Amino acid sequence: MTTLFDPIQVGDMALANRIVMAPLTRNRAIEGNKPGPLTVEYYRQRATAGLIIAEASPISPLAQGYLDTPGIWSAEQVAAWREVTSAVHGEGGKIVLQLWHVGRISHSSLLPDGAAPVSSTDRVANASTFTREGFIPVSKPRALRDDEIPALIEDYRRAARNAIDAGFDGVEIHAANTYLIEQFLRDSVNDRSGPYGGSIANRARLLLEVVAAIAGEIGAGRTGIRLSPMTTFTAPLDSDPQALYGYVVEQLAPFGLAYLHVIEGETGGTRTPEGKPFDYEALHRACKGAWMVNNGYSRDLALQTVADGKADLVAFGRSFISTPDLVRRLREGAALNELRADKLYGGGAEGYTDYPTLAN
Ligand code: 8OZ
């Protein structure tokens, strides 16, 4: 019987176990949107994960939406990330980088020359973001023109190349949590006509072009993707999530991606939103790569899910923030540290690198 603690080959990556550190925004980047020494230590402490998915990282200056997130567009950022990947590899771990474009979830004060955020639409989101002035409503976006899409895809391709140059084992495309790619996917946001609006095939076009560009650049075996069909975070659900995400997964199959990472239910919230059933198993059956699940997994549920063959990998978010030696604690059935929820975003070492591990 397969257990959570067994090794697994995921695309080109040989993982020591099936326990994944989920991508987690922590807003501790230093000057120049670079990961600093504390971030090196934070990931090094968690390197016993089978795989670390390093936090969502903007692919370009215009892709940022929150203060102090580490990017992957500049040579200085690549050099800074190299310290992180070396530290994790030095501990025998594997690490990929989540590639992020926030789309309309941004504020002009965070963008070059006070630019408007870009999206599939020019309709503003009912959402706030964290800036130098604190939490404030996001800015009204500008709808990308169709003729701007090639440059956007080029930004994704270059970011994937940068990630590999920085020593990452691969990348995860952030197509979840109502950011740019999902702003194209969902008919609750995308009000375009033309090749990127209207039908499901048109709304999924950007995602599939991004996947083709990145897989072509670094190889499908080093490329994963994250989806969140039932998350409402900053946008309503699609009118037919099952059909939309079913189409996406079916179209992804021929690429032979390393893995597909799905957030079940409402991100960081209920796994089973009332009156909104979703058949994740249907997506799992259509998925050719490794199947990674996430959202509020307890030890028991994770063990059972892998033992039942319902998933190949389980990603843990909050548990990995509080408990650097999560793999050992799960193996031994030991209690986890308590999460300091007031230290999630921004600040220094407190609630970041000072969580204790079990004594030998
Ligand atoms: C929490 C705060 C800011 C951003 C996501 C990247 O939800 C995020 C995020 C999470 O995917």
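Our subject is the structure listed above.
Residues numbered from 1 in each chain as written. Predicted model: local features only at pLDDT ≥ 70, side-chain atom pairs only at ≥ 80, totals over all residues. Heavy atoms only, no water.

Asks: Just checking my understanding: could you explain the packing of helix α3 (residues 149-165) against helix α6 (residues 205-218) for this structure?
Replies: Helices that pack against each other are described as a pair by the angle of their axes relative to one another and the distance between those axes. At a closest axis distance of 9 Å, the pairing of α3 and α6 adopts a crossing angle of 35°. In this structure, α3 meets α6 at a crossing whose hand is right-handed. In contact with I149, L152, I153, Y156, R157, A160, R161 and I164 of α3, α6 contributes L206, E209, V210, A213, I214, E217 and I218. Its residues assigned to classes, the contact of α3 with α6 comprises eleven nonpolar, no polar and four charged. (Axes fitted to C-alpha atoms, helices over the stretch in contact; angles between N-to-C directions. Helix = DSSP H or I, 4+ residues; strand = E, 2+ residues; numbered from the N terminus. Left-handed = near helix turned anticlockwise from the far one by under 90°. Contact = heavy atoms within 4.5 Å. Nonpolar A, V, L, I, M, F, W, Y, C, P; charged D, E, K, R; others polar.)

Asks: Sorry, what's going on with the sheet that holds strand β14 (residues 313-316) here?
Replies: Backbone hydrogen bonds hold the strands of a sheet together, and the pairing may be parallel or antiparallel. In spatial order, the strands read β3-β4-β5-β10-β11-β12-β13-β14; together these eight strands close into a barrel with parallel pairing. Taken pair by pair, the neighbouring strands of this sheet meet at an average axis angle of 25°, ignoring direction. Here strand β5 (residues 95-100) pairs with strand β10 (residues 170-174) via four bridges, running parallel. Residue pairing for β10: Q98 is matched across the bridge by E172. Strands in contact with helix α2 (residues 75-90) are β4 (51-58) and β5; relative to β5, the strand with the most contacts, it is inclined by about 145°. Packed onto the sheet, α3 meets β5 and β10 and runs at close to 160° relative to β5. (Pairing = 2+ DSSP bridges.)

Asks: Any chance you could explain helix α7 (residues 241-252) here in plain terms?
Replies: Each full turn of the α-helix corresponds to 3.6 residues, which orients residues three or four apart in the same direction. With twelve residues, α7 extends 16 Å between its outermost C-alpha atoms, agreeing within 8% with the 16 Å of an ideal straight helix rising 1.5 Å per residue. When we look at burial in α7, the residues that qualify are P241, L244, Y245, V248, V249 and L252. Taken down its axis, α7 places every buried residue within 125° of arc, on the same side. (Expected span 1.5 Å × (residues − 1). Buried < 20%, exposed > 50% of the residue type's maximum accessible area, 1.4 Å probe, protein only. Arc of directions from axis to C-beta.)

Asks: Quick question: what am I supposed to make of the pairing of strand β12 (residues 259-263) here?
Replies: On a regular strand, one side chain projects to one face of the sheet and the next to the other, so that they alternate. β12 sits mainly inside the fold: five of its five residues count as buried. Here β12 shows no split at all, with Y259, H261 and I263 on one side and L260 and V262 on the other all buried. Following the backbone out of strand β11 (residues 223-227), through α7 and into the adjacent parallel β12, one traces a crossover that is right-handed. Here β12 pairs with strand β13 (residues 290-294) via five bridges, running parallel. Its bridge partner lying in β13, L260 is registered against W291. (Right-handed = clockwise from strand over helix to strand, strands pointing away.)

Asks: Where do I start with unusual backbone geometry in this structure?
Replies: A negative phi holds for most residues other than glycine; trans holds for most peptide bonds. One non-glycine residue, N27, adopts positive backbone phi at about 50°. One non-glycine residue, T178, adopts positive backbone phi at about 65°. You can see T178 is positioned in the loop between β10 and α4 (180-185). Owing to a relative accessible area of 1%, T178 belongs among the buried residues under this scheme.

Asks: Sorry if this is basic, but what is going on with the pattern of salt bridges here?
Replies: Pairing between side chains of opposite charge can happen when their charged atoms approach one another. Using the criterion set out here, one finds 21 salt bridges in the structure. Ionic pairing is found between E148 and R142, a salt bridge with its closest N-O pair at 2.9 Å. Measuring nitrogen to oxygen at the nearest pair gives 3.3 Å for the salt bridge that ties E182 to R186. Both residues of the pair, E182 and R186, belong to the buried class. The network of salt bridges with common partners includes E154, D155, R157, R158, R161 and E217. (Salt bridge = Lys/Arg side-chain N within 4 Å of Asp/Glu carboxyl O.)

Asks: What is the right way to look at the site of the ligand in this model?
Replies: Residues in close proximity to the ligand include T25, A56, Y66, W100, H174, N177, Y179, F233 and Y345, which together make up its full environment. H174 is positioned such that a nitrogen or oxygen atom in its side chain is 2.7 Å from an oxygen atom of the ligand. Within the contact set of the ligand, an oxygen atom lies 2.7 Å away from a side-chain nitrogen or oxygen of N177. When the free accessible area of the ligand is taken as 300 Å², the share hidden by the protein chains comes to 83%. (Near = heavy atom within 4 Å. Polar contact = N/O pair within 3.5 Å; in protein donor to acceptor, adjacent residues only side chain to side chain. Areas by Shrake-Rupley, 256 points an atom, 1.4 Å probe, with all protein chains shown as cover.)

Asks: Is there a simple way to think about the packing of α6 against α7 in this case?
Replies: Running from N to C, α6 and α7 point in directions that differ by 25°, and their axes come no closer than 11 Å. With respect to α7, the element α6 is oriented roughly parallel. Seen along the crossing, α6 lies across α7 with a hand that is right-handed. Across from L207, L208 and V211 in α6, the residues of α7 making contact are Y247, V248, Q251 and L252. A breakdown of the residues in the contact of α6 with α7 according to their chemical character gives six nonpolar, one polar and no charged. (Parallel < 35°, antiparallel > 145°, perpendicular 65-115°, else oblique.)

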